[in-house]
Amino acid sequence: MKKVGKAITALLLATLLLSACSGNNNEDLAQGGTATAPAATAEVSAAPQEDAAGTVAPSASSSPAPKDGTEATIAPSASAAPGSSTATPPSSEPAATEIPLLYHMNKNYDIVPNEEGTDKKVVLLTFDDGPKEAEMINALMDTLDKHQAKAIFFVNGYRVKEHPELLKLLHERGGIIGNHSWDHIVLKDKSYVEVQKQIGDVQAIVKEITGEAPAFFRPPHGAGGDVGKQVAAENGMLYMTWSVGSLDWEMKEKDLAKTETLVKNVTDQLHSGSNILMHELPWTVEALDTLLTTLEGKGYSFVDPRSIELKQR
């Protein structure tokens, strides 16, 4: 009996031990797999840490091991090096394009190539006395965009102060902002202090609204005098008047054939490097597409003001 009792006791102990060993692997065995320890799947950038007992514990950022026996996918690290297969895709924002300085302005205020081989049959488009109306600004910009042309818009400070949203519109539409003094007064007989204020205040308000101070200055009535040239240079601007006048400022609403007259006024004086003076006026807006088409038909293209050096020579 003692032998039977010992045998039964040994059998019961063996059964209990077998049950304890197989209890942790029921799920794997039920799926037909073999009992294996889970694989470590820590991210590349996160090393596993040892606990106080010396056991390797998974990192807090570890991915759980799959239960189907397949290999775990390693998540890309936020600190992956650019150019690697796990790097974050670069921003889709295009890099700012640098405009090369291909032209300069001569003593006659014409635009001249810096080097042989650069197209000399170009014109510079400019508009004075704005900003006035959103409708006219949008119409001018639509036409310029159609012809892939850029222009300088010489603005008056008092107009900008009254309607800063119009200056912002001009800037957002791609117009190049120029300084035309604050009050549109003749500057040549004014004191240095007054001229500095007339020019400097426009620099300040344009920069405040657009983030950029003007790089071009045109004195009202083309009369800046030596002091106007000095102050413009001190503010880092290219001083200019014009070499071709559209005479749009002499026209009246009741005049007939204004488009034909404006185009003729320009083409009668046209030459390589023409610096064309126009204004933000309804009839100029109406005539602009015809004028630019005519100039293109004569083989002229439109210089980007940003490609002009800021020093006359």
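Keep in mind the model is a prediction, meaning the values are calculated, not measured.

A. Focus on unusual backbone geometry. With an omega dihedral of -5°, the bond running from G130 to P131 counts as a cis peptide bond. Within the secondary structure layout, P131 lies in the loop between β5 (122-130) and α3 (134-146). Here the phi dihedral of H184 falls at roughly 60°; this positive angle occurs in a residue that is not glycine. Topologically, H184 is positioned in the loop between β7 (176-179) and α6 (192-210).

B. Spotlight on the pairing of strand β11 (residues 274-279). Most of β11 is tucked away, with six of its six residues classed as buried. Burial along β11 is two-sided: the residues S274, I276 and M278 and N275, L277 and H279 are all buried. Pairing of β5 with β11, which is carried by six bridges, proceeds in the parallel orientation. Bridge assignment links D128 to a residue of β11, and that residue is H279. Pairing of strand β10 (residues 244-245) with β11, which is carried by two bridges, proceeds in the parallel orientation.

C. Molecular detail of the packing of α3 against helix α9 (residues 282-297). Axis separation between α3 and α9 bottoms out at 10 Å; the angle between their running directions is 5°. Taken together, the axes of α3 and α9 lie roughly parallel to each other. Along the contact surface, α3 presents M136, A139, L140, T143, L144 and K146, while α9 presents P282, V285, L288, D289 and L292. Within the contact of α3 with α9, the residues separate by chemical class into eight nonpolar, one polar and two charged.

D. Molecular detail of helix α7 (residues 225-234). Along α7, the residues that are buried comprise V227, G228, V231 and A232. Summarising the axial view, the buried residues of α7 lie within an arc of 135°, below the 170-degree limit, and thus occupy one face. For α7, the exposed residues set more than 90 degrees away from the buried face come down to D226 and A233.

E. Geometry of the nonpolar core. Judged by nonpolar contacts, the single largest core of 40 residues is most densely connected at V123, L125, L144, F153, I276 and L295. At the level of elements, β5, α3, β6 (151-155), α5 (164-172), α6, α8 (258-267), β11 and α9 are the ones that each hand at least two residues to this core. Counting residues per element, this core draws most heavily on α9, at seven residues. Among residues more than four places away in sequence, those in contact with F153 are F127, L140, M141, L144, L170, G175, I176, I177 and G178. L124, V195, L238 and I308 belong to the second largest nonpolar core, which has 23 residues in total.

F. Summary view of the side chain of S307. Among the structural elements, S307 can be located in the segment after β12 (301-302). For S307, a relative accessible area of 5% corresponds to the buried category. Setting aside residues no more than four positions away along its own chain, S307 makes contact with I99, P100, L101, L102 and Y103.

G. Inspection of the layout of surface pockets at higher detail. In this structure, the second largest pocket encloses a volume near 350 Å³. Every element with two or more residues in the lining of the second largest pocket is listed here: β7 and α6. Classifying every residue of the lining of the second largest pocket by side-chain character gives ten nonpolar, four polar and three charged.

Reading the values: rules and limits
Residues numbered from 1 in each chain as written. Predicted model: local features only at pLDDT ≥ 70, side-chain atom pairs only at ≥ 80, totals over all residues. Heavy atoms only, no water. Helix = DSSP H or I, 4+ residues; strand = E, 2+ residues; numbered from the N terminus. Buried < 20%, exposed > 50% of the residue type's maximum accessible area, 1.4 Å probe, protein only. Pairing = 2+ DSSP bridges. Axes fitted to C-alpha atoms, helices over the stretch in contact; angles between N-to-C directions. Parallel < 35°, antiparallel > 145°, perpendicular 65-115°, else oblique. Contact = heavy atoms within 4.5 Å. Nonpolar A, V, L, I, M, F, W, Y, C, P; charged D, E, K, R; others polar. Arc of directions from axis to C-beta. Core = buried A, V, L, I, M, F, W, Y, C linked by side-chain atoms within 4.5 Å. 1 Å grid on protein atoms, 1.4 Å probe; cavity = no way out; pocket = protein on both sides within 12 Å on 5 of 7 lines; lining within 4 Å. Points joined across faces, edges and corners; volume = space filled by probe spheres on them.

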